[in-house]
2 protein chains.
Amino acid sequence: MAAREAVDECGVKLVDPDKVDVVRAALPSDHDIAELADVFSLLGDPGRLRLLTSLLEGGELCVCDLAATTAMSESAVSHALRLLRAHRVVSVSRRGRMAYYRLDDAHVRMLLDLGLTHTGHTIAVHPERTAHAQKDQ
Amino acid sequence: MAAREAVDECGVKLVDPDKVDVVRAALPSDHDIAELADVFSLLGDPGRLRLLTSLLEGGELCVCDLAATTAMSESAVSHALRLLRAHRVVSVSRRGRMAYYRLDDAHVRMLLDLGLTHTGHTIAVHPERTAHAQKDQ
DNA sequence: CTGACATCTGAATAATTGTTCATATGTTGG
DNA sequence: CCAACATATGAACAATTATTCAGATGTCAG
């Protein structure tokens, strides 16, 4: 019985082959997936996240000040900024012996912003009724 | 001398202590940062990204079909889904011996959507009702 | 030029993370 | 009950990634 089963070209059993086909056709290319995973990955580290939120708030900061706001070593900050720079997420302008960094990717800025909005850090745009008298749950 | 320099409580030199203070005060708590990094991290893996975009497009899929759309082994899919389940990103409903998964986090859905929109890939963004795509025939 | 400074970099180590294999759990039909 | 099946899980291994240390580069003041 079980008339709803099928097999794909590799011999794997499928339950809903039609849907699998539709989904497969709609998925982004491997290249796009890799690129997107890269961006999310950059945002997936607490250190880099503190760096980026510092820049989001401070606009432009030098390496030593970023080390202070993020509680990282200057070396770690420099390494992280290099990665972010390589992905065009931040840009640098050097004045004298200082290097001032700023956020330079509107896409990432939006993702950051959307992320922060939903961690309770800012008021969420959610239909969750939180009366101002409400304290603890 | 050196009127523009200062030192924080740990002995580190700062260039713009005022700004550092402002930024430090505005940063999310360590807990919020860790939570947000966690979410971004979940989206930072190509496999999980393919799983989630599959669910975004397909609405509800069982493990074996997800293995087919993502080109992952069923074991890898199961492990990934467990992680996503632990973070409440997907939910499962078991019918018989199958387990059907679907996207269950509006926040993540938005991040995914925003991410996909900006990688040049415009996935057909359907009206939000991806929960019950129950296709009986 | 020289010495102090800010930042950058490479290489090694340490930590985290993904993948696989083997097996466990729970379900269905006979 | 049993065998076939779908999914879940743990532990071992492989791969990736972060952090540190030592030293390099380039800048400024004198």
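The text that follows walks through the structure, step by step, so that each part is easy to find. These figures come from a predicted structure and were not determined experimentally.

### Observations concerning helix 3 (residues 46-58) of chain A
- With 13 residues, helix 3 of chain A extends 18 Å between its outermost C-alpha atoms, agreeing within 8% with the 18 Å of an ideal straight helix rising 1.5 Å per residue.
- Phi turns positive one or two residues past the end of helix 3 of chain A, at glycine 59 of chain A, with a value near 80 degrees.

### Comments concerning the protein's contact with DNA strand C
- Close contacts around DNA strand C come from 23 residues, with Cys62, Val63, Cys64 and Ser78 of chain A together with Gly96 of chain B the closest.
- Among the secondary structure elements, those contributing two or more residues to the surface near DNA strand C are helix 4 (63-70), helix 5 (74-86) and strand 5 (98-103) of chain A together with helix 5 (74-86) of chain B.
- Per-element tally for the surface near DNA strand C: the top contributor is helix 5 of chain A, with six residues.
- Classifying every residue of the surface near DNA strand C by side-chain character gives eight nonpolar, nine polar and six charged.

### Section: the interface of chain B and chain A
- The partner chain A presents 50 residues to the 52 residues of chain B that form the contact.
- Within the residue set of the side of chain B that touches chain A, elements represented by two or more residues are strand 2 (13-14), helix 1 (17-26), helix 2 (30-42), helix 3 (46-58), strand 3 (61-62), helix 4 (63-70) and helix 6 (106-117) of chain B.
- In terms of residue count, helix 2 of chain B provides more of the side of chain B that touches chain A than any other element does, nine residues in total.
- For the side of chain B that touches chain A, the per-class residue count stands at 29 nonpolar, twelve polar and eleven charged.

### A short note on the protein's contact with DNA strand D
- In the vicinity of DNA strand D lie 23 residues, with Gly96 of chain A together with Cys62, Val63, Cys64 and Ser78 of chain B positioned nearest.
- Counting only elements with at least two residues in the surface near DNA strand D, the list comes to helix 5 of chain A together with helix 4, helix 5 and strand 5 (98-103) of chain B.
- Broken down by element, the residue count for the surface near DNA strand D peaks at six residues, all from helix 5 of chain B.
- Across the surface near DNA strand D, the residue classes tally to eight nonpolar, nine polar and six charged.

### A closer look at the sheet that holds strand 4 (residues 90-95) of chain B
Residue and element names in this part refer to chain B.
- As summarised here, the arrangement of the three strands in space is 3-5-4, forming an open sheet in which the pairing is antiparallel. Each edge of the sheet is formed by a strand with only one pairing partner; in this case those strands are strand 3 and strand 4.
- Where strand 4 lies against strand 5, six bridges are found, and the strand directions are antiparallel. When the sheet's bridge partners are listed, arginine 95 is paired in strand 5 with methionine 98.

### Some words on the relation of the copies chain B and chain A
- The operation relating chain B to chain A is a screw motion whose rotation component is 180 degrees, with 0.0 Å of axial translation and a residual RMSD of 0.1 Å. In the structure described here, the two chain copies are related by an operation that fits a two-fold rotation axis.
- Most of the interface of chain B is mirrored in chain A, where 96% of its interface residues are also at the interface.

### Examining helix 2 (residues 30-42) of chain A
- With 13 residues, helix 2 of chain A extends 18 Å between its outermost C-alpha atoms, agreeing within 8% with the 18 Å of an ideal straight helix rising 1.5 Å per residue.
- Among the residues of helix 2 of chain A, those classed as buried are Ile33, Leu36, Ala37, Val39, Phe40 and Leu42 of chain A.
- Buried residues along helix 2 of chain A sit against helix 3, helix 5 and helix 6 (106-117) of chain A together with helix 2, helix 3 and helix 6 of chain B.

### Considering the nonpolar core
- In this structure, Leu43 of chain A together with Leu43 and Leu55 of chain B are the most contacted members of the largest nonpolar core, which totals 64 residues.
- Not counting residues up to four positions away in its chain, the partners in contact with leucine 43 of chain A are Arg48, Leu49, Leu111 and Leu112 of chain A together with Phe40 of chain B.

Cut-offs and rules
- Residues numbered from 1 in each chain as written.
- Chains lettered and ligands numbered in written order.
- Predicted model: local features only at pLDDT ≥ 70, side-chain atom pairs only at ≥ 80, totals over all residues.
- Helix = DSSP H or I, 4+ residues; strand = E, 2+ residues; numbered from the N terminus.
- Expected span 1.5 Å × (residues − 1).
- Near = placed C-beta within 6 Å.
- Nonpolar A, V, L, I, M, F, W, Y, C, P; charged D, E, K, R; others polar.
- Contact = placed C-beta atoms within 7 Å.
- Pairing = 2+ DSSP bridges.
- Least-squares fit on C-alpha atoms with pLDDT ≥ 70 in both.
- Buried ≥ 20, exposed ≤ 12 C-beta atoms within 10 Å, placed from the backbone.
- Core = buried A, V, L, I, M, F, W, Y, C linked by C-beta atoms within 7 Å.

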